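Listed below are the residues making up each chain.
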Amino acid sequence: MRYNRRVSKNSQAFDPPLEALREGTSCMERTTLVQYIRHQEKKFQGATGEFTSLMNEILIAAKIVSCQVNKAGIGEDILGLTGRTNVQGEEVQKLDEYANSTFIKLVGQSGTVCAITSEECKEPLKIPCNHGSGKYIFKMDPLDGSSNIDVNVSIGTIFSIFRKKTQGADVTDEDLFQRGDQQVAAGYAIYGSSTMFVYADNQGVRGFTLDPELGEFFLSHPGIRIPAQGSTYSVNEGHYSKWEERQKRIVNHFKEEDDKTGRPYGLRYIGSLVSDVHRTLLKGGIFMYPADKKNPNGKLRLAFEAVPLAFIVESAGGRASDGTRRILDITPTEVHQRVPLYIGSKDDVETAERIFAES
Ligand code: P6P
């Protein structure tokens, strides 16, 4: 497809598709994720191309996993359980293992990272210098929601990218346990009716949809902003009896009738975090996975789920907390620590926090 170059308002020539990024408008030309990443690289003085290389490997891994997810149940024996449990004590699905090893292989060999931490690996994987180490740290939940695979519910990969903070070759706890607000970028791939790649950096949040015929992610959501208030709440009410009273009050608030504040809200709960948060990001509302008697720190992982999703939702104008503390302000102390999660529209999360603080 030939692009005719247009001169943008500030007289700096942009390829037409990239103007769409600036103006947030769709255009006939189609912008790929690779073009977007390369365009971003040009904005950083002294950029080495290392980040672009890392992102390239991430999106190739996402395409490979998408291909397997979309044909799960056909041909190779990729559905079902491995018979093993992971560090979380959860049964490992064959696709969990496949996704984990695919991302570790491609990202680990990219020469751009010095460490990888994964929800599926007990300890961080440190990449030794003589194996091509780099300045980034990659954290991931390789396949979130995998318990839904066998019933064809959308699932996804969630990731965060940090920069190594300390000098020298060793990867230290100071490098591994950075606050979420230190992230360079974060994103997720959602393997659903289509495969989307949602990506947040310091320029905002954009969504790219995979064209399976071309094998390319194309810009489909130029500038994602979450509504300040939504009309749905998302929580597993099956855990109601295990909740604290203040959590029950939050949910009852969203269920009460009050035309002035647009209540009652609708209930939407898929049981796949990436899907529930993706809907919340695009439509607004609030997703909650609170602490309860069984999970006193909640079920979701701080590093692999809450932190990247909080970075994305905040970059889109939303809010994410554990009910009290901003997720991105929490300094992690363990690789697999869990955290309660309230995430979504700013007004709705603030409402939940207010009720949470009242008791
Ligand atoms: P519950 C899926 O197993 C998962 O880790 C998340 O994707 C999802 O949000 C949550 O657990 C669902 O948990 O207790 O509602 O089944």
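Residues numbered from 1 in each chain as written. Predicted model: local features only at pLDDT ≥ 70, side-chain atom pairs only at ≥ 80, totals over all residues. Heavy atoms only, no water.

J.: Could you give me a rundown of the nonpolar core, with the residues and numbers involved?
T.: Counting 39 residues, the largest nonpolar core has Tyr188, Ile312 and Ile327 as the members making the most contacts within it. For this core, the elements supplying multiple residues, two or more each, are strand E5 (113-118), strand E8 (155-163), strand E9 (185-191), strand E10 (195-201), helix H7 (273-283), strand E15 (286-289), helix H8 (302-315) and strand E17 (341-344). Examining the composition of this core, we find that eight residues originate from one element, H8, more than from any other. For this core, the domains that each give at least three residues are domain 1 (18-221) and domain 2 (232-358). Ignoring anything within four residues of it in the chain, the contact list for Ile312 reads Ala186, Gly187, Tyr188, Val198, Ala200, Val205 and Leu281. By size, the runner-up hydrophobic cluster in this structure holds 38 residues, among which are Ile58, Val65, Tyr136 and Phe159. (Core = buried A, V, L, I, M, F, W, Y, C linked by side-chain atoms within 4.5 Å. Buried < 20%, exposed > 50% of the residue type's maximum accessible area, 1.4 Å probe, protein only. Helix = DSSP H or I, 4+ residues; strand = E, 2+ residues; numbered from the N terminus. Domains from an automatic or database assignment. Contact = heavy atoms within 4.5 Å.)

J.: For the pairing of E5, give the residues involved together with the corresponding values.
T.: The element E5 is largely enclosed, with a buried count of six among its six residues. Two strands pair when backbone bridges link them, and E5 and strand E7 (residues 136-144) are joined in this way by five bridges, in the parallel orientation. The partner of Ser118 across the bridge, within E7, is Met140. Here two bridges tie E5 to strand E6 (residues 125-126), and the two strands are oriented antiparallel to one another. The partner of Ala115 across the bridge, within E6, is Lys126. The loop that links E5 with its antiparallel partner E6 comprises six residues. (Pairing = 2+ DSSP bridges.)

J.: Run through the site of the ligand, naming residues and quoting values.
T.: Near the ligand, the surroundings consist of Asp144, Gly145, Ser147, Asn236, His239, Tyr269, Gly271, Ser272, Leu273, Tyr289 and Lys299. Contacts to the ligand include Ser147, whose side-chain N or O atom sits 3.4 Å from an oxygen atom. Contact distances for the ligand include 2.6 Å between an oxygen atom and a side-chain N or O atom of Tyr289. For the ligand, whose free accessible area comes to 400 Å², the fraction covered by protein is 83%. Looking at side-chain class alone, the shell around the ligand contains three nonpolar, six polar and two charged residues. Looking at the shell around the ligand, you find at least three residues from each of domain 1 (18-221) and domain 2 (232-358). (Near = heavy atom within 4 Å. Polar contact = N/O pair within 3.5 Å; in protein donor to acceptor, adjacent residues only side chain to side chain. Areas by Shrake-Rupley, 256 points an atom, 1.4 Å probe, with all protein chains shown as cover. Nonpolar A, V, L, I, M, F, W, Y, C, P; charged D, E, K, R; others polar.)

J.: Provide a residue-level description of the packing of aromatic side chains, including the pertinent values.
T.: Tallied over the entire structure, the rule returns twelve aromatic pairs. Judged by centre distance (5.7 Å) and plane angle (40°), the ring pair of Phe159 and Phe197 falls under tilted. Here Phe197 lies in strand E10 and Phe159 lies in strand E8, a separation of 38 residues in the sequence. By way of ring pairs, the aromatic residues Phe103, Phe138, Phe159, Phe197 and Phe217 are connected into one cluster. Between the NZ or CZ atom of Arg30 and the centre of the ring of Phe218, over which it lies, the distance is 3.8 Å. Between the NZ or CZ atom of Arg246 and the centre of the ring of Phe356, over which it lies, the distance is 3.7 Å. (Phe/Tyr/Trp six-rings, centres within 6.5 Å; stacked < 30°, edge-to-face > 60°. Lys NZ or Arg CZ within 6 Å of the ring centre and 35° of its normal.)

Read these as geometric descriptors, not functional statements.
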